[in-house]
Amino acid sequence: MPTAITRPLSPKIVDCELTHLERTPIHFEAAQQQHFEYEQALASLGLTVEHLPELPEFPDGVFVEDTAVVLPEVAVVTRPGAVSRREETVTVAAALAQYRPLVSIEAPGTLDGGDVLCVGRTLYVGLSRRTNQAGRGQLETALARFGYRVRGVPLSKCLHLKSAVTLIAPDRLLLNPRWVDASHFSYLRLLEVDPGEPFAANALLVGETLVYPNAHPRTRERLENAGLSVLGVDQSELAKAEGGVTCCSLIVG
Ligand code: CIR
């Protein structure tokens, strides 16, 4: 049974890391309710939701995507680029060890899972403020034996690679061309976000359905016009913490 690993929100989410957004008040109860509804959306798509232990002292602990890269053969436990987030990986590694052999990114490497986009046997790695060349290199070395290629993608205008581009079908990407150079992905079919919705490129593909924020109606229309099935969720509170739909779960297929 495919599983979605999630973590309850920390009350300290209000002290989260912020890179590209100004701090605005986050309503904790509303954020909790939205996270619950996100988990329900994943369950409605056939995923078993497994909760990690609460980490009340870690403001960004809910964004579990950044702590691991889960592939069919192996799980890579990351070393998050933000120092405040490094220890989040301990409980993630313990949970993932039930499902996969583990490898870990070590110092001086840093890697956030939000920077890793998997398309078939190619992993695109955003070289961002969070992910460095050493982290990318360690990922390449760890995965070469499984036949994965790893390609670095320079990034400066958004937090993570998956803020700018995500997979919406096995051969198709949703992309904001103002945040990432589309030529890296020219052999794939590309769908651009509506220019007025810069944050709209982060979609979570579960089976053949996209879990997708209600905040981007014009891009949603583009997705639906392209024949894709969309399940809307409200993530307005965690969006203030620079979170998106991929960030809040680790899918173990
Ligand atoms: C951070 O800056 O680390 C959090 N406030 C947001 C992380 C979002 N994660 C993701 O895009 N994968």
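For the structure, check the block above.
**Quick notes on the overall build of the chain**
Helix and strand counts for the chain come out as 6 helices and 15 strands. Taken against the 2.2 N^0.38 rule, which gives 18 Å for 253 residues, the C-alpha radius of gyration of the chain at 17 Å falls within 12% of a compact globule. Projected onto its principal axes, the C-alpha coordinates of the chain cover approximately 45 × 40 × 40 Å. Across the 253 residues of the chain, 54% fall into the buried class. Within the chain, counting contacts between residues at least 6 apart in sequence, those at least 24 apart form 68% of the total. For the chain, the exposed area adds up to about 10700 Å²; of that, 53% sits on carbon and sulfur atoms. The averaged location of the 30 negative side-chain charges in the chain is 7 Å from the averaged location of its 23 positive side-chain charges.

**With respect to the site of the ligand**
The environment of the ligand is formed by 13 residues, the closest being Asp60, Glu65, Arg130, Ala241 and Cys247. With respect to the ligand, the side chain of glutamate 65 contributes an N or O atom lying 2.7 Å from a nitrogen atom. Taking histidine 160, its side chain carries an N or O atom lying 2.9 Å from an oxygen atom of the ligand. Here the ligand has 340 Å² of accessible area as a free molecule, and 98% of this is covered by the chains. In terms of residue class, the shell around the ligand is built from 4 nonpolar, 2 polar and 7 charged.

**What to know about the pairing of strand β14 (residues 229-233)**
Looking at chain direction, strand β13 (residues 209-213) and β14 are connected through 5 bridges and run parallel. Across the sheet, leucine 210 pairs through a bridge with valine 230, a residue of β14. In this view, the connection linking β13 to its parallel neighbour β14 by way of helix α5 (residues 217-225) has right-handed handedness.

**Observations regarding helix α3 (residues 133-144)**
Over its 12 residues, α3 extends 16 Å from the first C-alpha to the last, a length consistent with the 16 Å expected when each residue adds 1.5 Å. Among the residues of α3, those classed as buried are Gly135, Arg136, Gly137, Leu139, Ala142 and Leu143.

**Side note on the nonpolar core**
Generally speaking, nonpolar side chains in soluble globular proteins are found buried as a group. Among the nonpolar cores identified, the biggest contains 22 residues, and Ile13, Leu42, Phe63, Val211 and Leu238 are the most heavily contacted of them. Counting residues per element, the ones that place at least two in this core are α1 (28-44) and β12 (204-206). Looking at this core element by element, the count peaks at 5 residues for α1. The residues touching leucine 42, leaving out its near neighbours within four places in the chain, are Ala4, Leu47, Leu204, Val206, Val211 and Ser249. Of all hydrophobic cores here, the second largest spans 15 residues; its members include Val153, Cys158, Ala164 and Leu173.

**Here we look at the sheet that holds strand β10 (residues 172-175)**
Strand order in the open sheet made by the 3 strands is β9-β10-β11, with mixed pairing throughout. The open sheet has two free edges, formed respectively by β9 (165-169) and β11 (189-192), since each of these has just one partner strand. Looking at each pair of strands side by side, their axes are set apart by 30° on average, direction ignored. Here 4 bridges tie β9 to β10, and the two strands are oriented antiparallel to one another. Within the sheet, the bridge partner assigned to valine 165 lies in β10 and is leucine 175.

**What about the environment of leucine 111?**
With respect to the helices, strands and loops of the structure, leucine 111 is situated in the loop between β5 (102-104) and β6 (116-119). As for leucine 111 and phenylalanine 199, which are separated by 88 residues in sequence, their C-alpha atoms are 21 Å apart.

Thresholds applied
- Residues numbered from 1 in each chain as written.
- Predicted model: local features only at pLDDT ≥ 70, side-chain atom pairs only at ≥ 80, totals over all residues.
- Heavy atoms only, no water.
- Helix = DSSP H or I, 4+ residues; strand = E, 2+ residues; numbered from the N terminus.
- Rg over C-alpha atoms; globule rule 2.2 N^0.38 Å.
- Buried < 20%, exposed > 50% of the residue type's maximum accessible area, 1.4 Å probe, protein only.
- Contact = heavy atoms within 4.5 Å.
- Areas by Shrake-Rupley, 256 points an atom, 1.4 Å probe, with all protein chains shown as cover.
- Lys, Arg positive; Asp, Glu negative; His and termini not counted.
- Charge placed at Lys NZ, Arg CZ, Asp CG, Glu CD.
- Near = heavy atom within 4 Å.
- Polar contact = N/O pair within 3.5 Å; in protein donor to acceptor, adjacent residues only side chain to side chain.
- Nonpolar A, V, L, I, M, F, W, Y, C, P; charged D, E, K, R; others polar.
- Pairing = 2+ DSSP bridges.
- Right-handed = clockwise from strand over helix to strand, strands pointing away.
- Expected span 1.5 Å × (residues − 1).
- Core = buried A, V, L, I, M, F, W, Y, C linked by side-chain atoms within 4.5 Å.
- Axes fitted to C-alpha atoms, helices over the stretch in contact; angles between N-to-C directions.

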